[in-house]
Amino acid sequence: HRLGVGEGFRGACVRIMEEEARQSAGLIVLDVLNPYSVLLVGVCVTTCVQGRAAWLLLDFVVSLLFGVSFLFTPMLLLSLQTAIKVDPLSLHMARAFGCMLLSSSFFSYYSYLS
């Protein structure tokens, strides 16, 4: 980044901050609109249109898959989400979250059956 003609230090800082804001805003849009997010939103919207039974079945399957994953492989899932060293408390909380998702999946399945 070079100073423009007649541009003081303050003007250069403002210009650099505006460029970085534009770049980071573009990255945020790309993170939100990544293909997996678009696919999942499409599946959820399609399922909502099909009715309550389809939504409960989708909720059951997704909660079951993620619950089992967080219960049995918390280190792998946490290492994919963070770059820090995972401590025992984080593993415990991930397993507790997996148990909560499993219980939620069973409630969805029983609601689906009724």
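Residues numbered from 1 in each chain as written. Predicted model: local features only at pLDDT ≥ 70, side-chain atom pairs only at ≥ 80, totals over all residues. Heavy atoms only, no water.

Engineer: Before we go on, may I ask you to explain the overall build of the chain in this structure?
Structural biologist: Secondary structure summary: the chain contains 5 helices and 0 strands in total. When the helices and strands of the chain are listed from N to C terminus, the series reads α-α-α-α-α. Taken across its 114 residues, the chain has 16% of its residues classed as buried. Surface summary for the chain: the accessible area is close to 8,900 Å², and the carbon and sulfur share equals 72%. (Helix = DSSP H or I, 4+ residues; strand = E, 2+ residues; numbered from the N terminus. Buried < 20%, exposed > 50% of the residue type's maximum accessible area, 1.4 Å probe, protein only. Areas by Shrake-Rupley, 256 points an atom, 1.4 Å probe, with all protein chains shown as cover.)

Engineer: I'm lost on helix H3 (residues 52-72) in this one. Help?
Structural biologist: Given 3.6 residues to a turn, an α-helix orients residues that are three or four positions apart in the same direction. Between its first and last C-alpha, H3 extends 30 Å over 21 residues, near the 30 Å set by a 1.5 Å rise per residue. Taken together, the buried positions of H3 are Leu 56, Phe 60, Ser 63, Gly 67 and Phe 70. Seen from one end, H3 has its buried residues packed into an arc of 120°, which puts them on one side. Among the exposed residues of H3, those oriented more than 90 degrees off its buried face are Leu 65 and Phe 72. (Expected span 1.5 Å × (residues − 1). Arc of directions from axis to C-beta.)

Engineer: What am I meant to see in the nonpolar core here?
Structural biologist: Soluble, globular proteins show a tendency: their nonpolar side chains are buried together. The biggest cluster of nonpolar side chains holds 7 residues, and these are Phe 70, Leu 77, Leu 78, Val 86, Leu 91, Ala 94 and Leu 101. Residue assignment for this core shows that the elements contributing at least two residues are helix H4 (74-81) and helix H5 (88-113). With residues up to four places along the chain from it excluded, the contact list for Leu 91 reads Pro 74, Met 75, Leu 78 and Val 86. (Core = buried A, V, L, I, M, F, W, Y, C linked by side-chain atoms within 4.5 Å. Contact = heavy atoms within 4.5 Å.)

Engineer: Could you clarify how one ought to interpret the packing of helix H2 (residues 35-50) against H3 in this entry?
Structural biologist: Packed helices, taken two at a time, are described by the angle between their axes plus the distance between the axes. Running from N to C, H2 and H3 point in directions that differ by 140°, and their axes come no closer than 6 Å. Between H2 and H3, the interaxial angle falls into the category oblique. Packed against H2, whose contacting residues are Val 43, Cys 44, Thr 47, Cys 48 and Gln 50, the element H3 presents Ala 54, Trp 55 and Leu 58 at the interface. Taken together, the residues that form the contact of H2 with H3 break down as 6 nonpolar, 2 polar and no charged. (Axes fitted to C-alpha atoms, helices over the stretch in contact; angles between N-to-C directions. Parallel < 35°, antiparallel > 145°, perpendicular 65-115°, else oblique. Nonpolar A, V, L, I, M, F, W, Y, C, P; charged D, E, K, R; others polar.)

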